[in-house]
Structures are given as structure tokens and as C-alpha cells.
Amino acid sequence: MNVAVTMFCGGRGAAGIARGMLGVPGVVLSLIVNGYDNGLSTGALRRYLPGMLGPSDFRKNLLLHLDPADPAQAALAAVLDHRLPGGTTPAGLAAVIESIDARRGRFAALPEAARAAVTADLRVFARRLAAYPHGLDLSDCALGNLVFAGAYLRLGRDFNAAVDACARTFGSPVRLLNVTNGENAFLAALRRDGSLLADEAEIVAPQGPGMITDLFLLREPLGARRRAELEALPPAWTREVLGRERAEVTPNPRALEAIRDADLIVYGPGTPHSSLLPSYLTPGVADAVARSRAAAKVFVVNTRGDHDIRGLSAPDLVDRTLAYLGDPRNGRRLVTHVLSHRASAPHAPDAPAVPYGLLDRGEWAGARWIGADLDHFGVHHPGRTAEALLAIRDEAALARAR
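Residues numbered from 1 in each chain as written. Predicted model: local features only at pLDDT ≥ 70, side-chain atom pairs only at ≥ 80, totals over all residues. Heavy atoms only, no water.

1. Focus on the packing of aromatic side chains
Here is the rule we go by: Any two rings among Phe, Tyr and Trp, with Trp reduced to its six-membered ring, count as a pair given centres within 6.5 Å; such a pair is stacked if its planes are under 30 degrees apart, edge-to-face if over 60, and tilted if neither. Numbering goes from the N terminus for both helices and strands, where a helix is a DSSP run of H or I of at least four residues and a strand is a run of E of at least two. Type-normalised accessible area, obtained with a 1.4 Å probe on protein chains alone, sets the label of each residue: buried when under 20%, exposed when over 50%, and partly exposed for intermediate values. Note on geometry: a ring has a charge over it if NZ (lysine) or CZ (arginine) is within 6 Å of the ring centre and within 35 degrees of the ring normal.
Scanning all chains against the criterion turns up 5 aromatic pairs. Both rings, one in phenylalanine 8 and one in tyrosine 267, keep their centres 5.7 Å apart while their planes meet at 5°; by these two values the pair is stacked. With a gap of 259 residues between them, phenylalanine 8 in strand 1 (residues 3–8) and tyrosine 267 in strand 7 (residues 264–267) connect regions that are remote in the sequence. For tyrosine 267, a relative accessible area of 0% gives the class buried. Residues tyrosine 267 and tyrosine 280 carry aromatic rings whose centres are separated by 5.6 Å and whose planes lie at 90° to one another, so their mutual orientation is edge-to-face. With tyrosine 267 in strand 7 and tyrosine 280 in helix 13 (residues 272–280), this pair connects stretches of sequence that are 13 residues apart. Ring pairing ties together the aromatic residues Phe8, Tyr267 and Tyr280, which thus form one cluster. Taking the ring centre of tyrosine 48 as reference, the NZ or CZ of arginine 128 above it sits at 5.3 Å. Taking the ring centre of tyrosine 132 as reference, the NZ or CZ of arginine 128 above it sits at 4.5 Å.

And the structure:
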């Protein structure tokens, strides 16, 4: 019997769990991702193609099923992860496209259908670059992001259609879904000391000890002039101004369907303020979770720290999730279980703290707290974590049936 698992995730934080789920017969996996990544070459690409969301986290999730020991799959991974060297020109990009088309070097084992699709989309992007050669430095661009950009242009600037097309090209067994209908939006945040984090890249970058208190999804990116204006205001005023500039986004109906039809919902680990919490701000998501047939809705605690969660404990992260879902007291049972690495097992020293006695008490915010041996060199062990999550689901389903 198939088990439908829907997981909120980003690009890498929940990759081990996803791989573990893909290794379980009968699991049908849907991943819900947002496209607000705005760092480095992804940010440069978004500025070059105004209106496009960030493809980076979607690209990373296309790598989940690819086995480096299989030549054809290794060639697919090479396309997704190849980074263009510094100083790459449009002619240099054309040379890379020719190498893929001729299946030379690391692209030699590329399957024919993928070769045709990849080169077609890269050529769409290359034509755009030839027509508008200024405004994009190709240095360190992930080739897979340019495949996404070409698909986006080819499909009438429909980001979700581009996600679907790339999933087909790379043979993904995962139902990969953008949480919204593709509206462009940008992240910003405020820290407790009132300092402004002007974009997603700053939110996930190294920063001081003060925790993030407010997260905003904005219609427009904060340029240097606008940032200076906001930083001159008292923090309370900045908060009010940014609140008035929130982006209007709509939910992807297929994402809502995947939530409602899930047997198990997983709030995956990762960088909460960029990869996870923004997804929960999407209208309709909380209602879909509340109406879901899922027997268990499990929050998975990070096994290591991230820059954006400094000062936050594991229960704090659960509380943040509930707050951004609009259910701070968990009255709608949007989180039924919390799964964390067992405190007695070896653990990364910077991981979100689980307060002493919480595992013994076994409850937080009305959710059952469960500890297990999940850590594997600072990340979640794929098999053990998938097994623990499915066991929670099975136990909850059995209890419901009684």
C-alpha cells in the first residue's frame, strides 16, 4: 500500500530525509519548496530576469535520486551542478552547451532525451543573453540554474511550468512543487536589536548573536537607497513600513492538494527563515494542513545550527512554525509530533537545544515530542529518520482507527 508523504523543505537541509523516503517501497514523496533564494549567482540571475523566482533549491532537489555510481545519472548531476568558471563569456557558455550536445567529457553518458531537453533550454537562455549581454556575470553560475532560466523563458515566464519541465528532464521521482503560483517576492527580516537583513542572502549569512524576530515577504527587493531610509527609522516604524509592503502571493493548487491528500506531513529541517517559514506564510497552506487526512504532522528539529537560528532552542523553532502558520497555540493541531535527535546520543554542539526533561515529559505545545538516534555527522541519517517518521505515522494511523 502506498503512503503519501508531503514535506516542506529547502535545498539541502532535508535532502537526507528525502533520500531516505525514496528508498522506502511504496512511499510517494511530494516536496514543497519556495523560490525566494536571492544569494550570489542565483540573486544575479533573478536581477537579470526580473519576475523570476530563485531556481536554486528546486535544482538541488533534482539531485536527490541521482546515483554518482551510475554513469547516466552522474552525467545528469554534472549538468545540474556544473559551475561556470570566472570570466565565462556568452561564447564560453556556448562552448559548454556544445560539449553537452556532443556528449563530451563528464557529459558523455547523458541520456539522449535529457541531452535534447537540456541543450534546447540552454540555447533559449543563450539567445536571451546574446540579445541582452549586459547585467549578468556568468562567473560561478550553476549550469542547472540556467537550464531552469531557459525553461522559464521558453514556457512564457511560467516558473511552475519550468519546475515541471526540469523535473521531467532530469527524471525526478519526486513531486516537486513550488508553494505559490509563481509570484515574484523577496525576503527581508529584522533582528531583535532592530538591525535590518535586507534580503535572503543576509538572512542566511553569518551574523551577530541577536535573534531574528520578524520576517517579511516583500513586493520589491530593498535597494541601497531604500535600505538606508529604513535603517534611519526606529525599528517599530521599520516593522510597520515593511508590513505595508508585503507581497500578495497565491497558493499553488497542486501544493495544497499534496498537503490535503498526504498520509504524513513533515515540516523538514533547514534554514527556517529562508527555506521554511516563508512557505508557511502562503495563504491557504495552514488551512490545507488543518484539513489534511494526514495521521501525523511532524516537525523535525535540525541536527545542527544555522546562522538564522542563533539564540533559538528546539521548542522555539516549533513555536515559530506554529506562529507563522497562524496557530500559535496549536489549537488546530497543525503539529501533532516533534521529532528530534535523542539528547543522550552524540550531537553537534551548535544544534538547537532540547531543554532538559522535555524528552521525559514528551510534550510541547500539545504535540508529542519524540527523541531518536537521527544524527549522522551533523545531518539527518536518511534511513533512520525516514524509519522514525513512518513509524510515527503508522502509530498515529493505528490510534486513529481504534
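2. Here we look at unusual backbone geometry
A positive phi angle, near 60°, is found at arginine 333, a position not held by glycine. Relative to the assigned elements, arginine 333 resides in the loop between helix 15 (314–324) and strand 9 (337–341). The exposure class assigned to arginine 333 is partly exposed, which follows from its relative accessible area of 38%. Positive phi, normally seen in glycine, also occurs at alanine 365, with a value near 50°. Structurally, alanine 365 can be placed in the loop between strand 10 (363–364) and strand 11 (367–372). On the accessibility criterion, alanine 365 (25% relative accessible area) is partly exposed.

3. Some details on the sheet that holds strand 8 (residues 296–300)
Counted only if it meets this: A pair of strands counts as paired when DSSP detects no fewer than two bridges linking them.
Pairing is mixed in the open sheet, where 8 strands are placed in the order 3-2-1-7-8-9-11-10. Looking at which strands have only one partner, the edges of the open sheet turn out to be strand 3 (175–178) and strand 10. The pairing of strand 2 (residues 27–33) with strand 3 spans 4 bridges and is parallel. Each residue of the ladder has a partner; that of serine 30, found in strand 3, is arginine 175.

4. A short note on the pattern of salt bridges
For clarity, the threshold we go by: Only one rule defines a salt bridge in this text: a Lys or Arg side-chain nitrogen within 4 Å of an Asp or Glu carboxyl oxygen.
Using the criterion set out here, one finds 22 salt bridges in the structure. Close ionic contact of arginine 332 with aspartate 287 constitutes a salt bridge, the shortest N to O distance being 2.8 Å. One end of the pair, arginine 332, is in the loop between helix 15 and strand 9; the other, aspartate 287, is in helix 14 (residues 285–291), and 45 residues separate them in sequence. Owing to a relative accessible area of 31%, aspartate 287 belongs among the partly exposed residues under this scheme. Each member of the salt-bridge network shares a partner with another, and the members are Asp101, Arg103, Glu112, Arg115 and Arg123.

5. Let's talk about the nonpolar core
Across soluble globular proteins, nonpolar side chains show a tendency to be buried alongside one another. We count it as follows: Working definition of a nonpolar core: buried Ala, Val, Leu, Ile, Met, Phe, Trp, Tyr and Cys residues. They are joined through side-chain atoms within 4.5 Å. The contact criterion used is simple: two residues touch if any of their non-hydrogen atoms lie within 4.5 Å.
Of all hydrophobic cores here, the largest spans 124 residues; its most connected members are Phe125 and Tyr267. When residues of this core are assigned to their parent elements, the largest contribution, 8 residues, is made by helix 7 (residues 143–154). Once you skip the residues sitting within four places of it in the chain, phenylalanine 125 turns out to touch Leu45, Tyr48, Leu49, Leu93, Leu136, Leu138, Leu146, Ala149, Gly150 and Leu153. Within the second largest apolar cluster, 10 residues are counted, among which are Ala198, Leu218, Leu222 and Leu230.

6. Let's talk about empty space enclosed by the protein
Selection rule: Method remark: on a 1 Å grid restricted to protein atoms, a set of points is classed as a cavity if a 1.4 Å probe fits but cannot get out and as a pocket if it is open with protein on both sides within 12 Å along at least five of seven lines; lining residues have an atom within 4 Å of a point. Grid points are joined across faces, edges and corners, and a volume is the space filled by probe spheres set on the points. In this count, Pro and Cys sit with the nonpolar residues alongside Ala, Val, Leu, Ile, Met, Phe, Trp and Tyr, while Asp, Glu, Lys and Arg are called charged and the others, Gly among them, polar.
A complete count under the given rule lists 1 cavity of 30 Å³ or more for this structure. Computed from the structure, the largest cavity encloses a volume of approximately 100 Å³. Counting only elements with at least two residues in the lining of the largest cavity, the list comes to helix 13, strand 8 and helix 15. In terms of residue count, helix 13 provides more of the lining of the largest cavity than any other element does, 4 residues in total. Among the residues making up the lining of the largest cavity, the classes are represented as 10 nonpolar, 4 polar and 1 charged.

7. Regarding the pairing of strand 1
Strand residues, when the strand is regular, have side chains that alternate between the two faces of the sheet. For strand 1, a buried count of 6 out of 6 residues is recorded, marking the element as mostly surrounded by other parts of the structure. Here strand 1 shows a buried face lined by Val3, Val5 and Met7 and a second buried face lined by Ala4, Thr6 and Phe8. Where strand 1 lies against strand 2, 6 bridges are found, and the strand directions are parallel. Paired with valine 5 across the two strands is leucine 29, which belongs to strand 2.

8. Topic: helix 4 (residues 71–81)
As a reminder of what qualifies: Side-chain atoms alone can form a polar contact between residues adjacent in sequence; in general such a contact is a pair of N or O atoms within 3.5 Å, and within protein one must be able to donate a hydrogen while the other accepts it.
The complete set of buried residues in helix 4 reads Ala75, Leu76, Ala78, Val79 and Leu80. Along its buried surface, helix 4 packs onto helix 3 (56–61), helix 5 (90–101), helix 6 (112–131), helix 7 and helix 8 (159–169). Structurally, the start of helix 4 carries an N-cap: the backbone nitrogen of alanine 72 is 3.0 Å from a side-chain oxygen of aspartate 70.

9. As for the layout of surface pockets
Space inside the largest pocket adds up to approximately 920 Å³. As for the largest pocket, its lining consists of 39 residues, and the residues nearest its centre are Gly11, Arg12, Gly13, Lys60 and Thr271. Counting residues per element, the ones that place at least two in the lining of the largest pocket are helix 1 (15–22), helix 2 (40–48), helix 3, helix 9 (200–204), helix 13 and strand 13 (379–380).

10. Some words on the sheet that holds strand 5 (residues 196–197)
Spatial ordering of the open sheet is given by 5-4-6, a layout of 3 strands whose pairing is antiparallel. In this open sheet, the two edge strands, each paired with only one partner strand, are strand 5 and strand 6 (212–218). Across 2 bridges, strand 4 (residues 186–191) lies against strand 5 in antiparallel orientation. Bridged to alanine 189 within strand 5 is leucine 197.

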